[in-house]
Amino acid sequence: MPAAKIPATLIPGDGIGHEVSAATVEVLAALGAPFEWETQVAGQGGIDACGDPLPPDTLASIRRTRLALKGPLATPIGGGYRSSNVRLREEFNLYANLRPARTLIPGGRYDKIDLVLVRENLEGLYVGFEHYIAIGDDEHAVAVASGVNTRAGARRATEFAFDYAAKNGRKKVTIVHKANVLKALTGLFLETGREVAKKYEGRIACEDRIVDACAMQLVLDPWRYDVIVTTNLFGDILSDLIAGLVGGLGMAPAGNIGTDAAIFEAVHGSAPDIAGKGVANPLALMLSAAMMLDHVGMQDKAKRLRDAIDAVLCKDEVRTGDLKGKATTKQFARAIVDRLK
Ligand code: NAD
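The following paragraphs examine the structure supplied in this document. (Residues numbered from 1 in each chain as written. Predicted model: local features only at pLDDT ≥ 70, side-chain atom pairs only at ≥ 80, totals over all residues. Heavy atoms only, no water.)

## Brief notes about the site of the ligand
Phase 1: Inspection of the region around the ligand gives 20 residues, with L73, N85, G269, A271 and D273 positioned closest.
Phase 2: Within the side chain of N85, one N or O atom sits 2.9 Å away from an oxygen atom of the ligand.
Phase 3: At a separation of 3.2 Å, a nitrogen atom of the ligand approaches a polar side-chain atom of E265.
Phase 4: Within the complex, the protein chains bury 69% of what would otherwise be the 810 Å² of accessible surface of the ligand.
Phase 5: Counted by class, the shell around the ligand contains 10 nonpolar, 6 polar and 4 charged residues. (Near = heavy atom within 4 Å. Polar contact = N/O pair within 3.5 Å; in protein donor to acceptor, adjacent residues only side chain to side chain. Areas by Shrake-Rupley, 256 points an atom, 1.4 Å probe, with all protein chains shown as cover. Nonpolar A, V, L, I, M, F, W, Y, C, P; charged D, E, K, R; others polar.)

## What about empty space enclosed by the protein?
Phase 1: Across all of its chains, the model carries 2 cavities of 30 Å³ or more by this definition.
Phase 2: Reported here for the largest cavity is a volume of approximately 50 Å³.
Phase 3: Around the largest cavity, the lining residues are R99, P100, A101, L117, S239, I242, A243, A252, P253 and V267.
Phase 4: Those elements that place two or more of their residues in the lining of the largest cavity are strand 4 (96-102) and helix 8 (232-245).
Phase 5: Partitioning the lining of the largest cavity into residue classes produces 8 nonpolar, 1 polar and 1 charged.
Phase 6: Taken as a whole, the second largest cavity spans an internal volume of roughly 40 Å³.
Phase 7: Taken together, K70, N85, L88, R89, L94, N256, I263 and E265 make up the lining of the second largest cavity.
Phase 8: Residue assignment for the lining of the second largest cavity shows that the elements contributing at least two residues are helix 4 (84-91) and strand 12 (262-266). (1 Å grid on protein atoms, 1.4 Å probe; cavity = no way out; pocket = protein on both sides within 12 Å on 5 of 7 lines; lining within 4 Å. Points joined across faces, edges and corners; volume = space filled by probe spheres on them. Helix = DSSP H or I, 4+ residues; strand = E, 2+ residues; numbered from the N terminus.)

Right, here's the structure in full:
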């Protein structure tokens, strides 16, 4: 009997979003994933379609489906509209950003990487509570940003990390902070994380690390880490660093998990430098789709997809340009579909 249809929102996104989304949807169809897509726009695509970077129809669709696969959304730098990604996380209370990174192609500079970063997704300096103070005729003489962390926010993010560790056979959670300087803002995160850790004593080890030392150790000896949980801005930066350990942004998937919905997306952005050329690596979004399959309880299909990806990369050696291969986005997707057959 065919599996029941699962309504899901698809936001192809901006720039390379269209290319990597089309490739991912093709692969999911070949896998027999029963998603029934509602295609919507956001970001620059929303502006172009209806003058709104987060149109009401898009929000209504996710409210209905509570599940989305999202391509990257462009955000103007230094001005313009507020990030639709940040607004989506806020709108649907997506408090934990789960970012696993695993070596897919052995023999690189870093081998056998298997790390998970959990980023608090709704608080901290990343919320962008900012303003300028004018002095004389200089409107931008002073810039002020406020970070907000709450005990409740720190608790649900760190609980998510420990719970994930316990359910996925992980051994250790490292709480990453800057509590030596930002004593209140990130001290509260650390204090709360340590409280949560007590509930997992004897099952999951807990340590903490200052973010700058963590960045250095991730470069020198990433294997010492297992699961990292950290605040929003540090998580944003460290997850790109971790993506670099496994071959770059083209390899890094993410799941934004919350009480009201879950949105799966690649860590990378809209890559305007290669958009429209058909050369983007669709792996990050495909791996995000595998996380989405796990989320809806289809671990068997998620495994088949990951196995096909491993085979295409390592046995068939079909790879996109960022991985020093020659395949286009479409050729890479076709190779995965062939493996799934
Ligand atoms: P980016 O991730 O788009 O690109 C950084 C570099 O990585 C570029 O050289 C790009 O070509 C390369 N790259 C990224 N994804 C790739 C892929 N799949 N295959 C091959 N190469 C890839 O970051 P950026 O240039 O700083 O940002 C561009 C836009 O994307 C900005 O508007 C930014 O706000 C937005 N952005 C969106 C998200 C999101 O939607 N989650 C995340 C990050 C950035």
